[in-house]
Amino acid sequence: MVEYDKTSQDKVRLADLLIRRGGMTMQKQIAVVTGTSTGLGLGMTEVLAKAGWKVYATMRNLEKAGGIHDLQQEGFDIELLQLDVQAQESIDQAIQTVIDKDGKIDLFINNAGIGFVKTTEQLTEEEYQNVFDINTFGQIRATKAVLPHMREQKQGRIVSISSVGGLVGQPLNEIYCASKFALEGYYESLASYITPYFGVEFMIVEPGGISSEFVNSIIADLEKHGGFPKGDYEQVFNDYTGERIGREEGVFQTPEEVAEVIFEQLNADELPLRIRTSSWAENFTKFKTEADPTGRKQRDYVVSSLLGK
């Protein structure tokens, strides 16, 4: 895993202190985060707000904003916005609200997503379309909305919450992994021309497991539909859940731990194209990442080969 400079967080907090005391005239950094009702989205909102950012916390259902309300009551600069990643109009409206109020977006974190465990033979067309609509098309819709503003600013950072499943296919996760693989190709492609020509950076985050409502929602969905279907694949499911969830250590991080890793990377002068967030995730993906852990070598080669830059 990447080693991080803890002094960088202190610098950010010092800068914010100077702003609040009137010692500097610089604008506060503006962040927008999707899927902030629980888990990593909520954790990322808290980390950024505590570091002095103004954060627009967005979610589809504002009735689930209890965690955000708690942070607001602590005095952090957080505004709550409705944003449904499955509706372009909802996304466009939220982004325009931020631009109208603050005139810029420095950081957009595409976090909203769902998990899914079911085999190709067992799933319905509605199910796999829904996974892609949220995990893949949802991030594309949001990026489409925010990118013109960042290009006009000639700066900005878009962070995509992917997964080790965006690099490595896993048992019973083929649809989830496919939705994340698609994201990886999407952002790799954007980074090959948007970054060198317009100054907007991209970072793909590839955690292992996150101990949050994300996992609970997968289990709840299975239980809602009678559990994992009986049949030829039942032993695969039992082996998979027993190994990954029950026995192997280091798979899961807390949302706060993942958020801190992401935040440390945001203090770098140049973002890595991709990062893993734990030693387990690094080891799990090592056969695909050891030659180019940050993805910069491949990106730079593509830019040089295809654009001559």
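Placed above this text is the structure.
Residues numbered from 1 in each chain as written. Predicted model: local features only at pLDDT ≥ 70, side-chain atom pairs only at ≥ 80, totals over all residues. Heavy atoms only, no water.

Visitor: Explain the overall build of the protein chain to me, and be specific about the residues and the numbers.
Guide: Each helix and strand counted, the protein chain has 14 helices and nine strands in total. Sequence separation of at least 24 residues holds for 70% of the intrachain contacts in the protein chain that already meet a minimum separation of 6. With an accessible surface of roughly 15,000 Å², the protein chain has 51% of that area assigned to carbon and sulfur atoms. (Helix = DSSP H or I, 4+ residues; strand = E, 2+ residues; numbered from the N terminus. Contact = heavy atoms within 4.5 Å. Areas by Shrake-Rupley, 256 points an atom, 1.4 Å probe, with all protein chains shown as cover.)

Visitor: Now, about the pairing of strand S1 (residues 30–33): what can you tell me, with residues and values included?
Guide: Judged by which residues are buried, S1 turns out to be covered on both faces: Ile30 and Val32 on one side and Ala31 and Val33 on the other are all buried. Of the pairings in the sheet, the one linking S1 to strand S2 (residues 54–59) comprises four bridges and is parallel in character. By the bridge assignment, alanine 31 is partnered in S2 with valine 55. For the crossover that starts at S1, traverses helix H2 (residues 39–50) and ends in the parallel S2, the hand is right-handed. (Buried < 20%, exposed > 50% of the residue type's maximum accessible area, 1.4 Å probe, protein only. Pairing = 2+ DSSP bridges. Right-handed = clockwise from strand over helix to strand, strands pointing away.)

Visitor: So what's going on with the packing of aromatic side chains? Residues and values would help.
Guide: A full pass over the atoms with the stated rule returns five aromatic pairs. Judged by centre distance (6.5 Å) and plane angle (45°), the rings of tyrosine 197 and phenylalanine 198 are tilted. Centre to centre, the rings of tryptophan 280 and phenylalanine 284 are 4.7 Å apart; their planes meet at 10°, and the pair counts as stacked. Residue tryptophan 280 and its partner phenylalanine 284 are both found in helix H12 (residues 279–284); the two are separated by four residues, about one turn of the helix. Given a relative accessible area of 12%, tryptophan 280 falls into the buried group. Members of the aromatic cluster, connected to one another through ring pairs, are Tyr186, Tyr187 and Phe202. Here the guanidinium or amino end of arginine 151 rests over the ring plane of phenylalanine 198, the centre of that ring lying 5.2 Å away. (Phe/Tyr/Trp six-rings, centres within 6.5 Å; stacked < 30°, edge-to-face > 60°. Lys NZ or Arg CZ within 6 Å of the ring centre and 35° of its normal.)

Visitor: If you had to explain the nonpolar core to someone new, which residues and values would you point to?
Guide: Membership of the largest hydrophobic core comes to 32 residues, with the highest contact counts inside it found for Met44, Leu48, Ile262 and Leu266. Going through the elements one at a time, S1, H2, S2, helix H3 (66–73), strand S4 (107–110), strand S5 (156–161), strand S6 (200–206) and helix H11 (255–266) are the ones with two or more residues in this core. Excluding anything up to four places from it in sequence, leucine 266 contacts Met44, Leu48, Leu107, Arg157, Val159, Met203 and Leu271. (Core = buried A, V, L, I, M, F, W, Y, C linked by side-chain atoms within 4.5 Å.)

Visitor: How would you summarise the sheet that holds S1 if you had to cite specific residues and measurements?
Guide: Read across the open sheet, the seven strands follow the order S3-S2-S1-S4-S5-S6-S9; overall the sheet is parallel. Two strands bound the open sheet, and with one partner strand each, they are strand S3 (78–82) and strand S9 (274–276). If you compare each strand with its neighbour and ignore which way they point, the axes differ by 20° on average. Note that S5 and S6 share six bridges and pair parallel. Bridge pairing in S6 links isoleucine 158 to phenylalanine 202. (Axes fitted to C-alpha atoms, helices over the stretch in contact; angles between N-to-C directions.)

Visitor: Account for the pattern of salt bridges, naming residues and giving values.
Guide: All told, the structure shown has 17 salt bridges when counted by the stated rule. One salt bridge connects glutamate 188 with arginine 274, and the closest N-O pair in it is separated by 2.9 Å. With glutamate 188 in helix H7 (residues 174–191) and arginine 274 in strand S9, this residue pair connects regions lying 86 residues apart in the sequence. With its nearest N and O atoms 3.9 Å apart, the salt bridge here joins glutamate 270 to arginine 296. Taken as a pair, glutamate 270 in the loop between H11 and S9 and arginine 296 in helix H14 (residues 296–307) lie far apart in primary sequence, 26 residues in all. Residue classification places arginine 296 among the partly exposed positions, given a relative accessible area of 25%. (Salt bridge = Lys/Arg side-chain N within 4 Å of Asp/Glu carboxyl O.)

Visitor: An account of the packing of helix H4 (residues 88–102) against helix H6 (residues 137–153) is needed here, citing residue identities and associated values.
Guide: For the pair H4 and H6, the least separation of the axes is 10 Å and the interaxial angle reads 30°. For the element pair H4 and H6, the recorded crossing hand is right-handed. Between H4 and H6, the residues in contact are Gln88, Ile91, Asp92, Ile95, Gln96 and Ile99 and Gly138, Arg141, Ala142, Lys144, Ala145, Val146 and His149, respectively. Residues of the contact of H4 with H6, tallied by class, amount to six nonpolar, four polar and three charged. (Left-handed = near helix turned anticlockwise from the far one by under 90°. Nonpolar A, V, L, I, M, F, W, Y, C, P; charged D, E, K, R; others polar.)

Visitor: Residue-level account of the environment of glycine 52, with values.
Guide: Here glycine 52 is to be found in the loop between H2 and S2. Classification of glycine 52 as buried rests on a relative accessible area of 10%. Glycine 52 sits 22 residues away from isoleucine 30 along the chain, and the two C-alpha atoms are 9.7 Å apart.

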